[in-house]
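# Close look at the chain arrangement
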Amino acid sequence: MMKLSYQQVNNLIELSFATVDDTLGCDGCLELMDQFAQAELDNTIIPKTLEAVRIHLEQCKCCKDEYEALMIALREVQ
Ligand SMILES: [Zn+2]
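A short tour of the structure in this document, coming up. (Residues numbered from 1 in each chain as written. Predicted model: local features only at pLDDT ≥ 70, side-chain atom pairs only at ≥ 80, totals over all residues.)

### Observations regarding helix H3 (residues 48–59)
End to end, H3 covers 17 Å across 12 residues, agreeing with the expected 16 Å (1.5 Å per residue, within 8%). Of all the residues in H3, the buried ones are Ala52, Val53, His56 and Leu57. In an axial view of H3, the angular spread of the buried residues amounts to 135 degrees, which keeps them on one side of the axis. Exposed side chains of H3 directed beyond 90 degrees from the buried face belong to Lys48, Glu51 and Glu58. At its buried positions, H3 is contacted by helix H2 (25–42) and helix H4 (61–77). (Helix = DSSP H or I, 4+ residues; strand = E, 2+ residues; numbered from the N terminus. Expected span 1.5 Å × (residues − 1). Buried ≥ 20, exposed ≤ 12 C-beta atoms within 10 Å, placed from the backbone. Arc of directions from axis to C-beta. Contact = placed C-beta atoms within 7 Å.)

Listed below in structure tokens is the structure:
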């Protein structure tokens, strides 16, 4: 049986995280949400890292509510 080093295992975990659709979970989504909202407001191209936020928002009602509240707040500031 092939023995993997700790580093190799870590690399594999990172790889699988990068390829699964909803990788963020709510914590990760909340962390990136302000960046995502700002990109949306600026009409900039959503980078790959933030695509994951969009994917999560489509699947998670509580984060979507959070996001909509954030967008309202950001629009008021601008
Ligand atoms: Zn969520």
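### Some points on unusual backbone geometry
Phi at Asn43 takes a positive value of approximately 60 degrees, unusual for a residue other than glycine. Its location among the elements puts Asn43 in the loop between H2 and H3.

### Observations regarding the packing of H2 against H3
Viewed as axis vectors pointing N to C, H2 and H3 meet at an angle of 105 degrees, and their least axial separation amounts to 9 Å. It follows from the interaxial angle that H2 and H3 lie roughly perpendicular. Here Cys29, Leu32, Met33, Gln35, Phe36 and Ala39 of H2 lie close against H3, whose contacting residues are Thr49, Leu50, Val53 and His56. By residue class, the composition of the contact of H2 with H3 is seven nonpolar, three polar and no charged. (Axes fitted to C-alpha atoms, helices over the stretch in contact; angles between N-to-C directions. Parallel < 35°, antiparallel > 145°, perpendicular 65-115°, else oblique. Nonpolar A, V, L, I, M, F, W, Y, C, P; charged D, E, K, R; others polar.)

### Some thoughts on the nonpolar core
Formed by Leu24, Cys29, Met33, Phe36, Ala52, Val53, Leu57 and Tyr67, the largest nonpolar core amounts to eight residues. Secondary structure elements with two or more residues in this core: H2 and H3. With sequence-adjacent residues up to four places away left out, Met33 is seen in contact with Val53, Glu66, Tyr67 and Leu70. (Core = buried A, V, L, I, M, F, W, Y, C linked by C-beta atoms within 7 Å.)

### Describing the environment of Asp34
The topology assignment puts Asp34 in helix H2. Sequence separation between Asp34 and Met71 is 37 residues, and the spatial gap between their C-alpha atoms is 8.8 Å.

### Re H2
With 18 residues, H2 extends 25 Å from end C-alpha to end C-alpha; this agrees with the ideal 26 Å at 1.5 Å per step. When the local axis directions of H2 are compared, the greatest deviation, roughly 45 degrees, occurs at Leu32. Here H2 has its buried residues at Cys29, Met33 and Phe36. Asn43, located one to two residues past H2, shows a positive phi value of around 60 degrees. (Bend = angle between axes of the 7 residues up to and from the residue.)

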